[in-house]
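Given next are the chains, with one letter for each unit.
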Amino acid sequence: MRIVLVRRKKPLKYGGLVVALLSLLSGIFVFTIFAWLIGVNPYPVVETIVTTFIFPGVVKDFIILTLLGYALLIAFKGALWNIGAEGQMHMAFLVSIYITLIVFFTTEKSLPLYISIGVILLSIVAAVAAGALWGGLAGVIKAYAGVDEVPVTLILNYIAYFIGDILVYGPFRGKYVYGYARTDLIPDPYKLSIPVQRQLSGNALIDTVTGYMAEFATYAVWLVALILVLIFTYWLLNKSNIGLRIKILGSNPDYLVSLGYDVRKTMVLTFMLSGAIAGLTAALYYHGSLYRIEYPLEYNTASYGYLAILVAWLSMLDVYLVPLSAYIVSAVILGSQRVSSLPSVREAFTRLQLGGAEMAFKLLMFGSILLAYSILRFIQDYELKVVS
Amino acid sequence: MIPQLDYIIDKILPAFVTFYLVSLGHSIFEKSGILNLAIDGVFFTGTGAALLGAILPIIYNIPISPPVMGVLVATLIAAILGLFMSSVLTFLPISHGAVGLSLQFFSYGVGIMLGYYVRLAYGTIYGVSFAREDVLYLSIISLVIGVVLHLFIERTKIGAAIRAVGENPHSAAALGVRVMAIRIVAGMLGFALIGFGGALFILSWQRSWDVKLFTLGYGWLAFATALAAGRHPIVLIPVSLLFGGLVNSQTDIQSRLGIPADVAKLIPFLAALALMLIYSTTRLRRIFASPSSLGKPYYKEEKSI
Amino acid sequence: MSSPLLSVANITKTFPGGVIALDEVSMDFHPGEFTVILGENGAGKSTLVKIMYGIYTPDKGSIILKGREVEIKSSLDAIKKGIVMVSQIPQLIDRLTVVENISLSLTRIGMFETMTRVRRFFKEVGEKIGIKVNPDAKVWSLTYTQKQLIEITRAILLDAMVLILDEALTYLPMEERRKFYVYLNEFKEKGRSVILITHKIPEALEIADKIYVLRRGKLVGALDKASANIDKIRDLMFGEAAKTITYERFTKPYETPVGDIVLNIRNLVVEGDYGEIAVNNVSLGVRAGEIIGIAGVVGNGQRELLEAIVGLRRVREGRVVIDNHDVTNKGVKLTRESGVGFIPDQPLRYAVSADNNIVENVAALFSRKNFVVNWKSMRELSEKLINEYGIYPPRPEMHVKLLSGGNIMKTVVSRELEYASKALVAYNPTRGLDEATSTFVRRKMKEKAVNSKLAVLFASEDLDEVLQLSDSLYVMNRGVLYGPFDPVSTPRSKIEELMVV
């Protein structure tokens, strides 16, 4: 009697969906077990996570992760594991900061529309370029030196952090921040979020709905960008020659070579496209929410760049499913963070310093789902048989 | 004479031992053909586990020296991770990179929970760390492990089996090798050494622990060095010395060359990147080639034309 | 007649995609006998022996060894039970030494032991067989024949009861094969059983005491030496399709006119994967409408030569000129855009993208210059190829990985033949295909060469294929090209002689 792994005769129908669902459940399960191990009652944990799905705070993360999800989707289609979205975003931040805080700095509360828009556009374009270049650097190293892109993009992330640290401590240091190691706030005219007021009615349902509406209104500009990126990605992958090349690169690079395409250029181009979208996301995030970056740099992006990996995978690399996947990931991760501020969790830690616990919970949730997904993937094409 | 000796004992050796053990363990692990992208996570979990192990003798009155217990616990937990990763990736034809990366993030979380819990409950760990002079013994032990491992891999049958599985698990199986068993042996041994290195990082080098340690990225430096050195236990000795020195002398480099602290932090990473580039673009790539099947999903019944 | 040493009963095995590889197959293997399992590619013979060697698990059926039913869980298990297999492609690990490879199979060598004893064992057996190989040599430095000899040494050291040769000798010239038969006879005399797998009838008739014929997974015939003859076997192997299969030439050499030299290779020197010289000063000219074949045992530089011509491998010295344009080391793109089609060795690995569908695979080649792909015309082209070559199932949106091996091959060949406008370079263009499809592909190659005035250069490990298709042939041995030879008038033995080391 033993268990044998056999290839399925036909791939499991809706296999991707099954795997995604199972991974989510497994991940949440593992997370809950861990919480229980440190003495936290599982019921409030699960409740918190589930209720986060209708929590307006999810909207912001959702939009960012969708954008980044597309950035990574393009790279992943080409089997290029762009783990460097963090670094690409950071380089984009630095460029945007340079433009808004150094070149075009102002203390005015408002400027003529054409100047505001001009600066914002310039900043966005520069951010896209910065992201594309930093991504392209990884692409060049992979394509021309043949080094595995995962350690390369990771090391480039660290290098980007350190460069940022140097600049924030040095020339980018804020003039109006006393003693803190961070940049100034972005000047008001360059902010991209729309300040929205809303009143709480006291009714939970109405408040949730108005909460969502308020969030969407605040980040309206981001939404526009999201739609544009969605259309672009769809067109790129399904209609263009470049998209076909990327797909073949991901499926069988040897074939791409024998066809006579320059595989290296394709790799670099793919990385640049991926980094470009990451840079765009960074610009939007900075202009619309972050407003400034502080030292040390790693915490500014809340690891969006890494979370996007999960978004891309859970979407099964399907252009239409990225937003759904992003929503789910945002909800679950935000949920894990809310868990860390539950009273029962605070009790489990006798002292008040909770920064570390929050991070741990987020990592455990993220890591478990990712791990579950990468293992359960086999169900799509293989099955277990008992042989006697 | 004395101040230089102090310098070596305090600065160079602890860093060397950590880097050497981590890259050694990683090398053994990957020799069996499994890509190890979880290296930084396992390293970090090792630090947390070491912390846990170090206070156990005090809480439960066990007659084992605390730092030694720390090492044992870290090695054990790391070996379990190694068992998990190597067996799952050999039984199922799934992406090594995906599992490794996921495990890395997951291990970060586990490491924080282990260390944080202990740190909060117990306080400073200086008292349960290795004494300053112990690093001499630890260095000798590491070097001996390295030499023994080298002979083990190059001269014995089981070493040949590990290399065979790394080159082509299908052929190895056809030749009669128990692929799963070999992968588990290499996996557990490899991660155990990484855990050992992580434990020494905390208990011999830093003698303190902080949540933010998981952002250091030292595991990736070890990854790069192992790659460039061809996963060769002897070549890794000078390379680990170099990186240990680079990382640990950041403050010295900073004050001597008058550059800001963060630039000094950049140097080891730039060096790692440079090392990988040099390796890939020169003859080194052929001499120190990676195992041919590194990272390839393994499916026993793969049908070919 | 003594009872069988090994039997298989009612073995059934299905692969993903619904392909029934084996259907209730039962065979007996007697001690002291050469049993040959004959069948064309895809008939299931390889699958059957892989089940006997623990690589595959059968869906149904049983294996009986020395009268007792057994389960073979892995290759190690098979070896322990006395079953040893040697494949067509040596299973040895290139980066390890000879003795290291052998030690892996010997259970009497301990895990922590060094290679000293193994070296001794190897030398003892080696002397008996007459191998002159350095036991500490790395396997990648050996020739194909040497590697196969080492495999046989391994089998002897393992004291195999049943020795399986899975097309292990099929691609060796007759001379070399005879050397092996001598040792195999020793096996026979000791009362062991030898099972030979092949798809070549002459090879089977050389030594078989008993022949089993498989067709499409079913056992269709069992003959013994006395009653076996070529015609009977052909009928059993191919059934209806026997009519379309032929190894007869389509035309006489140079019966149709040829034009100027299109593909000109001058003094080519090319390095192999380990830095050694794989192609040693090769010069060759192929004219429009001409088919040149290169015969040779695997590993003598054919692959490296063709890769260098297409631009996939660096040329160290010499020139490659296509249609008067020097394309040496200028990359695959230029060569392809000059109108060169390429069928590489192992097309499943290098010539298709399995996760994409047929249209996408076609578009990748034909739509190279466009920024936006003209999906409509690509679809039409795909449909045309599907009809012309009988690709099944006839759906252009079909993902390539769901097609059977033969149909994937058809996709590659049809695409490349359609694309080639000046020249076609191919390596083992019909390997792994069943005979009917192979004949079809060769016929198509000849048609294309004649009608489109294509310069065709192909290399094949199958000498019969080279003899059938070429107008003129060469032999490649250790990187050196010998020839040209007339395929009809040159005696076969002379060509085989040149193929031997």
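Caption draft 1: Spatial organisation of the overall build of chain B. Each helix and strand in chain B was counted, giving 13 helices and 0 strands. Put simply, chain B runs from its N terminus to its C terminus through helices and strands in the order α-α-α-α-α-α-α-α-α-α-α-α-α. Whereas a compact globule of 305 residues would reach a radius of gyration of roughly 19 Å, chain B reaches 19 Å, a difference of no more than 12%. Buried residues in chain B amount to 60% of all 305 residues. Within chain B, residue pairs in contact and separated by at least 24 positions form 82% of the contacts whose partners lie at least 6 positions apart.

Caption draft 2: Examining the overall build of chain C more closely. What chain C contains, in helices and strands, is 17 helices and 20 strands. In terms of overall dimensions, chain C has C-alpha extents of about 65 × 45 × 45 Å along its principal axes. Taken across its 501 residues, chain C has 49% of its residues classed as buried. Long-range contacts, defined as pairs at least 24 residues apart, comprise 69% of the intrachain contacts of chain C with a sequence gap of at least 6.

Caption draft 3: Structural view of the pairing of strand β3 (residues 34-38) of chain C. Residues and elements named next belong to chain C. In terms of burial, β3 is largely enclosed, as 5 of its 5 residues are buried. Burial along β3 is two-sided: the residues Phe34, Val36 and Leu38 and Thr35 and Ile37 are all buried. The sheet contact formed by β3 and strand β9 (residues 210-215) spans 4 bridges and is parallel. Paired with Val36 across the strands is Ile211, a residue of β9.

Caption draft 4: Representation of the interface of chain C and chain B. Opposite the 28 residues of chain C that make contact, chain B presents 23 residues. For the side of chain C that touches chain B, the elements supplying multiple residues, two or more each, are α2 (75-80) and α3 (98-105) of chain C.

Caption draft 5: Region of interest: the domain arrangement of chain C. All names here are of chain C. Looking at chain C, the domain boundaries give domain 1 (6-243), domain 2 (256-339 + 421-484 + 491-501) and domain 3 (346-419). A straight line from the C-alpha centre of domain 1 to that of domain 2 covers 31 Å. If you look at the interface, domain 1 gives 15 residues, while domain 2 gives 15 residues. Of all elements in the fold, only α5 (144-157) and α6 (174-189) reach the threshold of two or more residues within the side of domain 1 that touches domain 2. A total of 3 residues in the side of domain 1 that touches domain 2 trace back to one element, the largest contributor, which is α6. Looking at side-chain class alone, the side of domain 1 that touches domain 2 contains 8 nonpolar, 4 polar and 3 charged residues.

Caption draft 6: Structural context of the confidence of the model for chain C. Put simply, chain C has an average pLDDT of 88, and 99% of its residues get 70 or more. Predicted complex metrics record ipTM = 0.89 and pTM = 0.87.

Caption draft 7: The interface of chain B and chain A, seen in detail. Contact with chain B, which involves 40 residues of that partner, is made by 40 residues of chain A. No other element matches the 13 residues that helix α4 (residues 96-122) of chain B contributes to the side of chain B that touches chain A. Split by residue class, the side of chain B that touches chain A holds 29 nonpolar, 8 polar and 3 charged.

Caption draft 8: View of the sheet that holds strand β18 (residues 455-460) of chain C. Residue and element names in this part refer to chain C. One open sheet accounts for 6 strands, arranged β16-β17-β18-β13-β19-β20; its pairing is mixed. The outermost strands of the open sheet, each flanked by one partner alone, are β16 (340-343) and β20 (480-485). Each strand of the sheet is rotated relative to its neighbour by a mean of 15°, with strand direction disregarded. Each of β13 (291-295), β16, β17 (423-427), β18 and β19 (472-477) is contacted by helix α9 (residues 302-310), which is oriented at about 150° to β17, the strand it contacts most. Its contacts with the sheet put helix α14 (residues 405-419) on β16 and β17, and the angle it makes with β16 is roughly 165°.

Caption draft 9: Spotlight on the nonpolar core. Residues Leu67, Leu68, Ala308 and Val311 of chain A together with Ile164 and Ala423 of chain C are the most contacted members of the largest nonpolar core, which totals 400 residues. Element by element, the count of residues in this core is highest for helix α8 (residues 179-206) of chain B, at 17 residues. Setting aside residues up to four positions removed in sequence, Leu68 of chain A forms contacts with Ala85, Ala278, Thr281, Tyr304, Gly305, Ala308 and Val311 of chain A.

Caption draft 10: Seen up close, the environment of Ile309 of chain A. Residues and elements named next belong to chain A. You can see Ile309 is positioned in helix α12 (residues 304-314). Note: C-alpha distance between Ile309 and Ile63 (246 residues apart in sequence) is 15 Å. For Ile309, the contacting residues outside a window of four places in its chain are Leu72 and Ile83.

Caption draft 11: Spotlight on the pairing of β18 of chain C. All names here are of chain C. Burial within β18 is extensive, with 6 of its 6 residues counted as buried. Alternating positions in β18 separate into two faces, Ala455, Leu457 and Ala459 on one and Val456, Phe458 and Ser460 on the other, with burial throughout. Of the pairings in the sheet, the one linking β13 to β18 comprises 5 bridges and is parallel in character. In the strand pairing of β18, Ile292 is matched with Leu457. In this structure, β17 lies alongside β18, joined through 5 bridges in parallel fashion. The residue of β18 that forms the bridge with Leu424 is Val456. Crossover connection from β17 via helix α15 (residues 435-451) to parallel β18: handedness right-handed.

Caption draft 12: Quick look at helix α1 (residues 15-37) of chain A. Residues and elements named next belong to chain A. For α1, spanning 23 residues, the distance from its first C-alpha to its last is 32 Å, which sits close to the expected 33 Å at 1.5 Å a residue. Within α1, burial applies to Gly16, Val19, Ala20, Ser23, Leu24, Gly27, Ile28, Phe31, Thr32 and Ala35. Looking at the residues trailing α1, positive phi occurs at Gly39, about 90°.

Caption draft 13: Up close: the sheet that holds strand β14 (residues 315-322) of chain C. Residue and element names in this part refer to chain C. Pairing within the open sheet is antiparallel, and its 4 strands lie in the order β12-β11-β14-β15. Edge positions in the sheet fall to β12 (277-287) and β15 (325-326), since each has one partner strand and no second. Where strand β11 (residues 261-271) and β14 come together, 6 bridges link them in antiparallel fashion. The residue bridging Val270 from the neighbouring strand is Val315, located in β14. Running over the sheet, α9 touches β11, β12 and β14 and is turned about 120° from β11.

Caption draft 14: Structural context of the packing of helix α8 (residues 220-239) of chain A against helix α9 (residues 241-251) of chain A. All names here are of chain A. The contact between α8 and α9 brings their axes to 5 Å, and the two run at 70°. One element, α8, and the other, α9, form an angle in the roughly perpendicular class. Every residue of α9 that contacts α8 at Leu236, Leu237, Asn238 and Lys239 is listed here: Ile242, Gly243 and Lys247. Here the residues of the contact of α8 with α9 are counted per class, giving 3 nonpolar, 2 polar and 2 charged.

Caption draft 15: Broad picture of helix α4 (residues 85-103) of chain A. Compared with an ideal rise of 1.5 Å per residue, which puts 19 residues at 27 Å, α4 of chain A spans 26 Å between its outermost C-alpha atoms and is within 8% of the ideal. Of all 19 residues that make up α4 of chain A, 16 are buried, and the element is covered over most of its length.

Caption draft 16: Local environment of unusual backbone geometry. Geometrically, the link from Gly483 of chain C to Pro484 of chain C is a cis peptide bond, its omega value of 5° lying close to zero. Relative to the helices and strands, Pro484 of chain C resides in strand β20. For Arg231 of chain B, which is not glycine, the phi dihedral falls at a positive 55°. The topology assignment puts Arg231 of chain B in the loop between α9 (218-228) and α10 (236-248). The residue Arg478 of chain C is not glycine, and still its phi comes out positive at about 50°. Position of Arg478 of chain C among the secondary structure elements: in the loop between β19 and β20. Taking the number of C-beta atoms within 10 Å as the measure of exposure, Arg478 of chain C has 13 and is therefore partly exposed.

Caption draft 17: Representation of the packing of helix α12 (residues 358-366) of chain C against helix α13 (residues 375-389) of chain C within the structure. Residue and element names in this part refer to chain C. The geometry of α12 relative to α13 is characterised by a closest axis approach of 9 Å and an angle of 110° between their N-to-C directions. With respect to α13, the element α12 is oriented roughly perpendicular. Considering how the two elements wind past one another, α12 and α13 form a crossing that is right-handed. When α12 is examined against α13, the residues Ile358, Val359, Val362, Ala363 and Phe366 are found in contact with a partner set consisting of Met378, Arg379, Leu381 and Ser382. Among the residues making up the contact of α12 with α13, the classes are represented as 7 nonpolar, 1 polar and 1 charged.

Scoring rules and cut-offs
- Residues numbered from 1 in each chain as written.
- Chains lettered and ligands numbered in written order.
- Predicted model: local features only at pLDDT ≥ 70, side-chain atom pairs only at ≥ 80, totals over all residues.
- Helix = DSSP H or I, 4+ residues; strand = E, 2+ residues; numbered from the N terminus.
- Rg over C-alpha atoms; globule rule 2.2 N^0.38 Å.
- Buried ≥ 20, exposed ≤ 12 C-beta atoms within 10 Å, placed from the backbone.
- Contact = placed C-beta atoms within 7 Å.
- Pairing = 2+ DSSP bridges.
- Domains from an automatic or database assignment.
- Nonpolar A, V, L, I, M, F, W, Y, C, P; charged D, E, K, R; others polar.
- pLDDT = per-residue confidence, 0-100.
- Axes fitted to C-alpha atoms, helices over the stretch in contact; angles between N-to-C directions.
- Core = buried A, V, L, I, M, F, W, Y, C linked by C-beta atoms within 7 Å.
- Right-handed = clockwise from strand over helix to strand, strands pointing away.
- Expected span 1.5 Å × (residues − 1).
- Parallel < 35°, antiparallel > 145°, perpendicular 65-115°, else oblique.
- Left-handed = near helix turned anticlockwise from the far one by under 90°.

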